Amino acid sequence: MSAQNSAGIQLLLDAERDAAKIVQKAREYRTKRVREARDEAKKEIEAYKAQKEAEFKKFEAEHTQGNKAAQDEADREAEARIREIKEAGNKNREQVIKDLLHAVFTPVPEAMAAH
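Attention in this report is confined to the structure presented alongside it. (Residues numbered from 1 in each chain as written. Predicted model: local features only at pLDDT ≥ 70, side-chain atom pairs only at ≥ 80, totals over all residues. Heavy atoms only, no water.)

When you go through the protein residue by residue, the secondary structure sums to 2 helices and 0 strands. The buried share of the protein, reckoned over its 115 residues, is 0%. Only carbon and sulfur atoms are counted for the fraction: they give 59% of the accessible area of the protein, which is about 11200 Å². Averaging the coordinates of the 23 positive side-chain charges in the protein and doing the same for the 23 negative ones gives two points 8 Å apart. (Helix = DSSP H or I, 4+ residues; strand = E, 2+ residues; numbered from the N terminus. Buried < 20%, exposed > 50% of the residue type's maximum accessible area, 1.4 Å probe, protein only. Areas by Shrake-Rupley, 256 points an atom, 1.4 Å probe, with all protein chains shown as cover. Lys, Arg positive; Asp, Glu negative; His and termini not counted. Charge placed at Lys NZ, Arg CZ, Asp CG, Glu CD.)

Shown next, in the form of structure tokens:
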């Protein structure tokens, strides 16, 4: 009976070792799958980030072009207005200088008003 008990105990120990191996493999598999899932999630996040970044750049480019066109138009209008002012100043320059000198050097006496 002792041999039979010993064989039964040995059989239980073998079964326990096999079960421990199975549990260890399951843990390793689970750890591996968690790592793979984390890596897949990182890839998906990077792809999503890249997609949104591209969409933003496209949006920005479309709206910046409109602003640039408006800015260019404003610059052209300002330059044209500056040219007009300079031309008007050059055209009437002599008369303006003459009027200023006359006003400065020709005193006009006026009575002070009493308050």
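Having seen the model, we can carry on.
This part takes up helix α2 (residues 93-105). With 13 residues, α2 should reach 18 Å at 1.5 Å per residue; the first-to-last C-alpha distance of 18 Å fits that figure. Buried residues are scarce in α2, accounting for 0 of its 13 residues. (Expected span 1.5 Å × (residues − 1).)

Of note, Arg33 is situated in helix α1 (residues 2-91). Separated by 12 residues in the primary sequence, Arg33 and Ile45 place their C-alpha atoms 18 Å from one another. In this structure the side chain of Arg33 is engaged in a polar contact, spanning 2.6 Å, whose partner is the side chain of Glu36. (Polar contact = N/O pair within 3.5 Å; in protein donor to acceptor, adjacent residues only side chain to side chain.)

This next bit is on a nonpolar patch on the surface. On the surface, a nonpolar cluster with roughly 420 Å² of combined accessible area is contributed by Ile97, Leu101, Val104 and Phe105. Structurally, Val104 is set in helix α2. The exposure class of Val104 is exposed, given its relative accessible area of 62%. (Patch = residues over 30% accessible without salt bridge, like charges linked within 9 Å, V, L, I, M, F, W, Y side chains within 5 Å. Salt bridge = Lys/Arg side-chain N within 4 Å of Asp/Glu carboxyl O.)

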